[in-house]
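Listed here are the chains, written in short residue letters.
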Amino acid sequence: MAWVTQIEFLTLASIRKLLKPFKRSMELSSYLLSLLLVFLPISLIFFNRKRHSTIPGLPPGTIGWPMAGENIEFVLSGPSKFIFDRVNKYSSDVFQTSLWGEKMAVFCGATGNKFLFLNENKFLTSWWPNSLRKALLFPSFTDKTVKEVGAWKRSILQEFIKPEALKAYIPLMDSMAREHLEKEWAPKGEVKVFPLSKKYTFELACQIFMSLRDCERVERLAGLLGTVISGLFSVPIDLPGTTYNRTMKEGKKVRDELLKIIRERRKQLNENKEGAEKDLLSRLVFEAGEIYRYEREMEISNSTIGLLAASYDTTSIAITFTVKYLAELPHVYNEVYEGNVAKLVYSLSLSHSSIQNLVRLVG
């Protein structure tokens, strides 16, 4: 009996000895937790004051919370409300924020637009957030600046968008506009202008840049790109099930589809150079040559994505507002309908504030 008691005593002593380090560890953890509970509220109060403070030389505004920035507010309120809330709160000219993991300044109104357009490559340079580059560009180009991506073809792009070149597109734009109106607008009693305008401008961009006439292919490409552009305004967390994860997957599909189109055009040029389409894609493929072939193909894809993305929303927004104002201003509509556009332009008496509002809406 005594032997059994001794064994039990030794066993309990051993257990206490084994548990002693864990007890110290738990005491240390409790101490650290107490410190965290004390200093966390103080840190949050300090950071909240700091993020709302105005630093000399920087625009008014807030950079939001660490890592998250103001992405949550942006997603919940939507782009328009997010912008106008901060215009009313901070400044109608410029304010700072943090979106997609990047700190940035947002320029507003006609003055801001003028500053941006007149000072590109002087005080400003083209820039894409890292989350946007990851979604749209090939992985090997995500660490490069917009200026570095495809610098070799900038002169080619300028040739295709200069005023003399744009005049050559007018007959095509006119015929496609007439066909689009007859097919998509005329048979319907009521239409939603913005989605139809996006469809028209995207089809036109595919035709001008790539001579892409396959309706199913254009529609599939538009659907993929639309998903990507919508997802670019989501919180940039690439985890399964998130909007940004789906954006990344759709972005890869867009790049794969464009690579197919580029390689088809290269094959066409090799087989029959004279019979190939005389468009921007043919010129880019021809100038790329066979040296660094795969890298050049990726650069062409990157540039094409940029052009298609730019045509997807901006031009269609301008068209939508034009139709809106024509519907709301019958006297303007009548002058346009009669073909008196020049007379209308010279007869309109717009105040400075009206011009600024128009530039802000369209720009």
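For the structure, check the block above.
Caption draft 1: Geometry of empty space enclosed by the protein. As enumerated under the stated definition, the model contains 1 cavity of 30 Å³ or more in all. Put simply, the largest cavity is a space of about 30 Å³. Around the largest cavity, the lining residues are Phe 209, Met 210, Leu 280, Leu 281, Leu 284, Thr 304 and Leu 307. Elements that contribute at least two residues to the lining of the largest cavity include exactly α9 (193-210), α12 (280-288) and α13 (293-328). With 3 residues, α12 is the single largest residue contributor to the lining of the largest cavity. Of the residues belonging to the lining of the largest cavity, the class tally is 6 nonpolar, 1 polar and no charged.

Caption draft 2: Quick peek at the side chain of Thr 201. By the element assignment, Thr 201 lies in helix α9. For Thr 201, a relative accessible area of 6% puts it in the buried group. Here Lys 198 takes part through its backbone oxygen, which lies 3.1 Å from a polar atom of the side chain of Thr 201. Setting aside anything within four residues of it in sequence, one finds Thr 201 in contact with Ser 311, Tyr 312, Thr 315, Ser 316 and Ile 319.

Definitions and cut-offs
Residues numbered from 1 in each chain as written. Predicted model: local features only at pLDDT ≥ 70, side-chain atom pairs only at ≥ 80, totals over all residues. Heavy atoms only, no water. 1 Å grid on protein atoms, 1.4 Å probe; cavity = no way out; pocket = protein on both sides within 12 Å on 5 of 7 lines; lining within 4 Å. Points joined across faces, edges and corners; volume = space filled by probe spheres on them. Helix = DSSP H or I, 4+ residues; strand = E, 2+ residues; numbered from the N terminus. Nonpolar A, V, L, I, M, F, W, Y, C, P; charged D, E, K, R; others polar. Buried < 20%, exposed > 50% of the residue type's maximum accessible area, 1.4 Å probe, protein only. Polar contact = N/O pair within 3.5 Å; in protein donor to acceptor, adjacent residues only side chain to side chain. Contact = heavy atoms within 4.5 Å.

Function-wise, these values are silent; they only describe arrangement.
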